[in-house]
Amino acid sequence: WYWSYEFPDHGGFSYDSYMIPDKEIDVSKGQVRLLDVDNTLVIPVDTSVRFIVTAADVIHSFFIPAFGLQKAAIPGRLNETWAKVEREGRYYGQCNKICGNGHAFMPIAVDVVSKEKFAAWIKEKGGTMPAPKPAAALSAPVKTVE
């Protein structure tokens, strides 16, 4: 019972995110029981982020209330949604479908960071930042008939 995250636009690296067990939670570090994970999802602030959601086994729900985001993760299907978060910080969510005996142990922790910190995190993970997109292409002038 965990989430896997992939970054296809950043070199295709991926990792898994598991809930931190009760006996390992350190409240002195601000960790939250049943919500903190070993590997958070990291996204940049003030950026439209597209989430493509699927499942490998049963129907799950990718639910982050602070983002106003909930999308069903269904085996064999790709569902898409997006978010643009305007404040840095840690945000929590979880699977809110009754997907099996591990249902209560699928938290989502998202760290929203500056664009500079995001680029550094991508590099640390062995990924790459995509090249900047060019400005709008210029078109040929329109000819008028006189």
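Residues numbered from 1 in each chain as written. Predicted model: local features only at pLDDT ≥ 70, side-chain atom pairs only at ≥ 80, totals over all residues. Heavy atoms only, no water.

1. As for the overall build of the protein chain
Put simply, the test is: Each helix corresponds to a stretch of at least 4 residues labelled H or I by DSSP, and each strand to a stretch of at least 2 residues labelled E; elements are numbered beginning at the N terminus. For the radius of gyration, the atom set is restricted to C-alpha positions; the globular benchmark scales as 2.2 Å times the number of residues to the power 0.38. Under the scheme applied here, a residue whose accessible area is under 20% of the maximum for its type counts as buried, over 50% as exposed, and between as partly exposed, the area being computed with a 1.4 Å probe on protein chains only. In what follows, residue pairs with any heavy atoms lying within 4.5 Å of each other are defined as contacts. What sets the accessible areas is the Shrake-Rupley method with a 1.4 Å probe; for residues, cover comes only from the shown protein chains. When charges are counted, Lys and Arg contribute as positive and Asp and Glu as negative, whereas His and the chain ends are disregarded. A charged residue contributes its charge at one atom only: NZ of Lys, CZ of Arg, CG of Asp or CD of Glu.
Within the protein chain one finds one helix and nine strands. Reading the secondary structure of the protein chain in the N-to-C direction produces β-β-β-β-β-β-β-β-β-α. For 146 residues, the compact-globule formula gives about 15 Å, and the C-alpha radius of gyration of the protein chain, at 19 Å, lies well above that figure. In terms of its C-alpha atoms, the protein chain occupies a principal-axis envelope of roughly 80 × 35 × 25 Å. Looking at the protein chain residue by residue over its 146 residues, the buried ones come to 35%. For the protein chain, contacts bridging at least 24 residues in sequence account for 57% of all contacts bridging at least 6. In the form shown here, the protein chain has an accessible surface area of approximately 9800 Å², with 53% of it arising from carbon and sulfur atoms. Each charge sign in the protein chain was given a centre, from 16 positive and 17 negative side chains, and these centres are 3 Å apart.

2. Section: the side chain of His60
Test applied: By the criterion applied in these results, polar contacts are pairs of N or O atoms within 3.5 Å in which, for protein atoms, one can donate a hydrogen and the other can accept it, and in which residues neighboring in sequence qualify only through two side-chain atoms.
With respect to the helices and strands, the residue His60 is situated in strand β5 (residues 60-64). A polar contact of 2.8 Å, which involves the side chain of His60, links it to the side chain of Asp57. Among residues more than four places away in sequence, those in contact with His60 are Trp1, Trp3, Ala55, Lys71, Ala72, Ala73, Cys95, Lys97, Cys99 and Met106.

3. Remarks on a negative patch on the surface
As a reminder, the rule being used: Like charges within 9 Å and nonpolar side chains (Val, Leu, Ile, Met, Phe, Trp, Tyr) within 5 Å are joined into patches, using only residues over 30% in relative accessible area that form no salt bridge. Salt bridge, as applied in this entry: a Lys or Arg side-chain nitrogen positioned within 4 Å of an Asp or Glu carboxyl oxygen.
Among the surface-exposed residues, Asp46, Glu86, Glu88 and Glu116 lie close enough to one another that they form a single negatively charged patch. Checked against the element boundaries, Asp46 lands in the loop between β3 (41-44) and β4 (48-53). Among the residues examined, Asp46 registers a relative accessible area of 38% and is labelled partly exposed.

4. A word on the pattern of salt bridges
Counting across every chain of the model gives four salt bridges. Put simply, Asp36 and Arg90 hold a salt bridge, and the shortest N to O gap is 2.8 Å. Taken as a pair, Asp36 in the loop between β2 (13-17) and β3 and Arg90 in strand β8 (residues 89-94) lie far apart in primary sequence, 54 residues in all. The class for Asp36 is buried, based on a relative accessible area of 1%. Between Arg50 and Glu80 there is a salt bridge, with the nearest N and O atoms lying 3.9 Å from each other. Of the two residues, Arg50 sits in strand β4 while Glu80 sits in strand β7 (residues 79-84), which places them 30 residues apart along the sequence. One salt-bridge network, in which partners are shared between bridges, spans Asp36, Arg90 and Asp111.

5. Considering a nonpolar patch on the surface
Residues Trp1, Leu34, Val58 and Phe105 make up a contiguous nonpolar surface patch of roughly 320 Å² in combined accessible area. Within the secondary structure layout, Trp1 lies in the segment before β1 (3-7).

Structural measurements only, silent on function.
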